[in-house]
Amino acid sequence: MLLGILKETAPGETRVPLLPESLKSLLAQGIAITVESGAGTAAGASDQAYADAGASVTADRAALLATADLLPMVNAPQAADQAQLKPGCVVIGFLRPLDAPRALAAAIARPATLFSMELVPRISRAQSMDALSSMATVAGYKAVIAAADRLPRLFPMLMTAAGTIPPARVFVIGAGVAGLQAIATARRLGAVVEAYDVRAAAGEQVRSLGAKFLDVDLGGISAEGGGGYAAELTEKALDRGRDLITRTAAHSDVIVTTAQVPGRPAPRLIRRAAIEAMRLGSVLVDLAAPAGGNCELTQPDVEQNIGGVILLAPLNLPAEVPVHSSQLYARNILNFLALIVKKGELTVDLADEVLAGACVAHNGTPVNPRVAKLLEAAAQSS
Ligand code: NAD
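Presented here is an overview of the structure given in this document. Starting from 1, residues in each chain are numbered consecutively following that chain's sequence as written. Predicted model: local features are reported for residues with pLDDT of at least 70 only, side-chain atom pairs are reported and counted for 80 or more only, and whole-chain, interface and lining totals are derived from all residues. Processing note: side-chain calculations cover all non-hydrogen atoms of the structure and skip hydrogens and water entirely.

### Observations regarding the packing of aromatic side chains
Here's step 1: Here a pair means two rings of Phe, Tyr or Trp (six-membered ring of Trp) with centres within 6.5 Å. Their orientation is stacked below 30 degrees between planes, edge-to-face above 60, and tilted elsewhere. If you walk through the whole model with that rule in mind, you get two aromatic pairs.
Here's step 2: Consider the rings of phenylalanine 94 and tyrosine 329, whose centres lie 5.2 Å apart with planes at 25°: the pair is stacked. Within this pair, whereas phenylalanine 94 is found in strand β5 (residues 90-94), its partner tyrosine 329 is found in helix α11 (residues 322-340), the two being separated by 235 residues in sequence. Tyrosine 329 matches phenylalanine 94 in its accessibility class, with the two residues each being buried. Strands here are runs of E lasting at least two residues and helices are runs of H or I lasting at least four, both read from the DSSP assignment and numbered beginning at the N terminus. Summary of the burial criterion: residues with accessible area below 20% of their type's maximum are buried, those above 50% are exposed, and those between are partly exposed, where the area comes from a 1.4 Å probe applied to protein chains only.

Structural data, given as structure tokens:
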């Protein structure tokens with residue numbers, strides 16, 4: 001069996017799905033590994049390091065696509081690459097099957113078997129494969145670092161002979177994986193932190209990090225969806241959050257916003273008035289930008305200056321920390337591979353709920369029911 005590691009082609013992508021240190025257990029099973037030249041360079045892994053670890057290195061991407069049985073990737077392959085896949089091969093990565101199911105059509109038709117890291121069920125057994133959490137952790141950290149870098153103020157309180165400087169005030173909206181890491185990072189830098197989430201269960205975690213949890217009375221509505229996620233709220237309930245956010249923005253130097261509802265556009269929580277209430281030089285980082293953004297002024301991937309307030313809407317912060325993002329992702333991928341590679345052989349058993357949940361398509365047939373529905377709807381509308 002041949003495992004291929006391709007160089008990612010998405011603009012700005014720096015991560016690699018497996019690092020040289022990840023290869024040992026795979027090679028020990030008799031799996032051959034070929035790496036496209038330069039695949040790991042941005043993540044600090046040279047071609048030589050892969051070769052030293054026991055992989056072959058090639059500059060021939062087309063030949064690798066045509067011969068690889070197993071392709072762990074970061075992002076979904078482009079359509080042109082999909083058309084060259086070896087029939088029956090297995091592709092694993094952030095394939096965006098819920099946002100862009102049609103973009104996978106060529107791979108499904110080969111047929112290839114596709115597993116999406118976004119769809120790995122969030123059950124205890126699959127925690128070590130939870131790449132969404134790994135990347136959200138990196139994004140939460142990096143969002144605060146980016147804000148601290150842009151803020152014309154210091155984060156920690158300083159008592160100096162020249163006087164006392166008060167700590168920065170950071171407001172985190174959405175206290176899930178990214179939000180909690182943002183809180184922890186801002187606290188480590190010495191900021192005073194407040195946080196808001198619709199899930200009351202997040203309150204205890206926020207307080208345990210030394211931040212203040214802001215509660216909103218939602219008038220008895222349950223904000224808990226399945227699997228620890230939030231449910232989509234009514235406009236009336238969202239308005240209560242929006243009012244709190246506008247009030248809190250007025251005394252915040254930094255806002256990091258991360259609120260998301262799986263499979264839905266991000267809730268619009270931050271009004272223009274909230275930004276206008278912030279002090280000159282304040283910074284807002286909208287981590288929900290890939291899902292449209294939490295702020296009504298957000299333009300994904302565009303940096304804006306709105307009356308002196310900086311609004312950042314990054315789409316891929318994990319790619320700005322390629323070494324550790326790749327390290328975490330590679331571990332998630334290795335743990336996932338352990339479910340489908342036994343003694344060097346591919347064995348896809350869809351009776352396993354983790355595999356069935358994460359499987360976009362197997363041998364040309366859609367598997368995950370949500371994705372199957374979307375693909376069917378897409379086929380009908382074309
Ligand atoms: P997410 O990225 O979908 O959302 C981020 C946060 O936004 C969530 O905390 C959500 O409650 C919040 N949010 C949504 N709508 C909001 C609104 N209108 N106003 C304010 N906040 C809003 O979520 P996530 O970070 O991926 O994870 C959410 C939960 O899942 C957490 O409780 C986390 O601990 C849990 N989780 C469980 C596992 C597992 O394996 N069991 C793995 C990862 C995360």
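After presenting the structure, the write-up continues.
### Notes on the pattern of salt bridges
For side chains bearing opposite charge, pairing can occur when the charged atoms are close.
Here's step 1: Here, a salt bridge means any Lys or Arg side-chain nitrogen found within 4 Å of an Asp or Glu carboxyl oxygen. Applying the stated criterion to the full structure yields 18 salt bridges.
Here's step 2: Between arginine 122 and aspartate 130 there is a salt bridge, with its nearest N and O atoms 3.4 Å apart.
Here's step 3: What makes arginine 122 partly exposed here is its relative accessible area of 36%.
Here's step 4: A salt bridge links aspartate 253 to arginine 153, with the nearest nitrogen and oxygen atoms 3.6 Å apart. One end of the pair, aspartate 253, is in the loop between α9 (235-249) and β12 (254-257); the other, arginine 153, is in the loop between α6 (131-150) and β7 (158-160), with 100 residues separating them in the sequence.
Here's step 5: Taking relative accessible area as the criterion, arginine 153 reaches 37% and is therefore assigned partly exposed.
Here's step 6: Residues joined in a network through salt bridges with shared partners are Glu235, Asp239, Arg242, Asp243 and Arg271.

### A look at helix α13 (residues 369-381)
Here's step 1: Helix span, expected: 1.5 Å multiplied by one less than the number of residues in the helix. The end-to-end C-alpha distance of α13 is 18 Å, a good match for the 18 Å that 13 residues give at a rise of 1.5 Å each.
Here's step 2: Of the residues that open α13, the one with a side-chain oxygen 2.9 Å from the backbone nitrogen of arginine 370 is asparagine 368. Within 3.5 Å is the distance limit for a polar contact, defined as a pair of N or O atoms, with the added protein rule that one can donate a hydrogen and the other accept it, and that residues adjacent in sequence qualify only through two side-chain atoms.

### Description of the packing of α6 against α11
Here's step 1: Interhelical geometry of α6 versus α11 gives an angle of 170° and a closest axis separation of 9 Å. In terms of axis orientation, α6 runs roughly antiparallel to α11. Taking contact as the criterion, the partners of Ala131, Ser134, Met135 and Val138 in α6 are, on α11, Ser325, Leu328, Tyr329 and Asn332.
Here's step 2: Partitioning the contact of α6 with α11 into residue classes produces five nonpolar, three polar and no charged. Comment: axis = line fitted to C-alpha atoms, over the contacting stretch for helices; angle = value between 0 and 180 degrees taken between N-to-C directions. Angle categories are assigned with fixed cut-offs, so that under 35 degrees is roughly parallel, over 145 is roughly antiparallel, 65 to 115 is roughly perpendicular, and the rest are oblique. Note on contacts: a residue pair is in contact if any heavy atoms of the two residues lie within 4.5 Å. Throughout this entry, Asp, Glu, Lys and Arg are counted as charged residues, while Ala, Val, Leu, Ile, Met, Phe, Trp, Tyr, Cys and Pro are counted as nonpolar. The remaining residues, Gly among them, count as polar.

### What about the sheet that holds strand β14 (residues 304-306)?
Here's step 1: Whether two strands pair depends on DSSP finding at least two bridges between them. If you walk across this open sheet you meet the seven strands as β11-β10-β9-β12-β13-β15-β14, and the pairing is mixed. Where the open sheet ends on each side, the last strands, each with one partner, are β11 (212-214) and β14. Direction aside, neighbouring strands of the sheet carry axes that sit 20° apart on average.
Here's step 2: Sheet topology note: the β14/strand β15 (residues 309-312) ladder contains three bridges and is antiparallel. In the sheet register, asparagine 305 faces β15, and the bridge partner there is isoleucine 310.
Here's step 3: Across the face of the sheet, α6 comes into contact with β12, β13 (283-286) and β15 while running at roughly 155° to β13.

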